[in-house]
Amino acid sequence: QVRLMESGGGSVQAGGSLNLSCVASGFTSGWYCMAWVRQGPGSERERVAKITEHGSTVVEDPFRDRFTISRSNDKNTLFLQMNSLKPEDTGLYYCAARMMSSRYACPSGVDFQDWGQGTQVTVSS
């Protein structure tokens, strides 16, 4: 059973930074895509960034050049470095994972199998 546990959220002023972490356990042999997904107040979940088993990363347009996704060498901890935070970044940030058929693949949207409980990020103006 895969378990994902996020931490590092908090309340910051606009322009500030946070570094989110996600500790994963229970991965079996396979190729996993991992991602950060945000759910803002009254909004649907949207993917923030993703990383393939191989290590290729994508950060979605609203967060590009401000956020960086990375992973520990043992692949058991996922990070999201968040810089130049804006009030619209406010939301619950989830760590998510899904086993893929290729080490180079990720789901196209937020179709992930495993989810953490989320960590709250609040950005004030």
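Everything that follows concerns the structure shown earlier in this document.
Now for a look at the structure at hand. (Residues numbered from 1 in each chain as written. Predicted model: local features only at pLDDT ≥ 70, side-chain atom pairs only at ≥ 80, totals over all residues. Heavy atoms only, no water.)

1. Concerning the pairing of strand β7 (residues 67-71)
Move 1: Burial along β7 is one-sided: Phe-67, Ile-69 and Arg-71 are buried, while Thr-68 and Ser-70, pointing the other way, are not.
Move 2: Sheet analysis places β7 next to strand β8 (residues 77-82), joined by 5 bridges and oriented antiparallel. Looking at β8, one finds that Ser-70 is bridged to Phe-79. (Buried < 20%, exposed > 50% of the residue type's maximum accessible area, 1.4 Å probe, protein only. Helix = DSSP H or I, 4+ residues; strand = E, 2+ residues; numbered from the N terminus. Pairing = 2+ DSSP bridges.)

2. Concerning the pattern of salt bridges
Move 1: Enumeration over the complete set of coordinates arrives at 6 salt bridges.
Move 2: The residue Arg-64 makes a salt bridge to Asp-61 at a minimum N-O spacing of 2.8 Å.
Move 3: Assessed through its relative accessible area of 42%, Arg-64 is described here as partly exposed.
Move 4: The class for Asp-61 is exposed, based on a relative accessible area of 56%.
Move 5: Notably, a salt bridge pairs Arg-66 with Asp-89, separated by 2.8 Å at the nearest N-O pair. Taken together, the residues Arg-66 in the loop between β6 (57-59) and β7 and Asp-89 in the loop between β8 and β9 (91-100) connect sequence positions 23 residues apart. Exposure class is identical for Arg-66 and Asp-89. Each is buried. (Salt bridge = Lys/Arg side-chain N within 4 Å of Asp/Glu carboxyl O.)

3. Focus: the state of the cysteines
Move 1: On inspection of all chains with the given rule, the structure shows 2 disulfides.
Move 2: Cys-22 shares a disulfide with Cys-95; S-S distance 2.1 Å. Judged by the sign of its S-S torsion, about -75°, the cystine formed by Cys-22 and Cys-95 is left-handed. Taken together, the residues Cys-22 in strand β3 (residues 18-25) and Cys-95 in strand β9 connect sequence positions 73 residues apart. For the pair formed by Cys-22 and Cys-95, the shared burial category is buried.
Move 3: The disulfide bridge from Cys-33 ends at Cys-106, spanning 2.0 Å between sulfur atoms. Between Cys-33 and Cys-106 the sulfur-sulfur dihedral comes to about 95°; the bridge is accordingly right-handed. Note that Cys-33 is positioned in strand β4 (residues 31-39) and Cys-106 in the loop between β9 and β10 (114-115), a separation of 73 residues in sequence. Take Cys-33 and Cys-106: they sit in the same class, and that class is buried.
Move 4: Indicated for the protein is the disulfide connectivity 1-3, 2-4, based on numbering the bonded cysteines in sequence order. (Disulfide = S-S within 2.5 Å.)

4. Quick notes on unusual backbone geometry
Move 1: The backbone of Asp-65 sits at a positive phi, close to 75°, despite the residue not being glycine.
Move 2: Mapping Asp-65 onto the fold places it in the loop between β6 and β7.
Move 3: Notably, Lys-75 is not glycine yet its phi reads approximately 70°, a positive angle.
Move 4: Within the secondary structure, Lys-75 is located in the loop between β7 and β8.
Move 5: Judged by relative accessible area, Lys-75 falls into the partly exposed class, the value being 31%.

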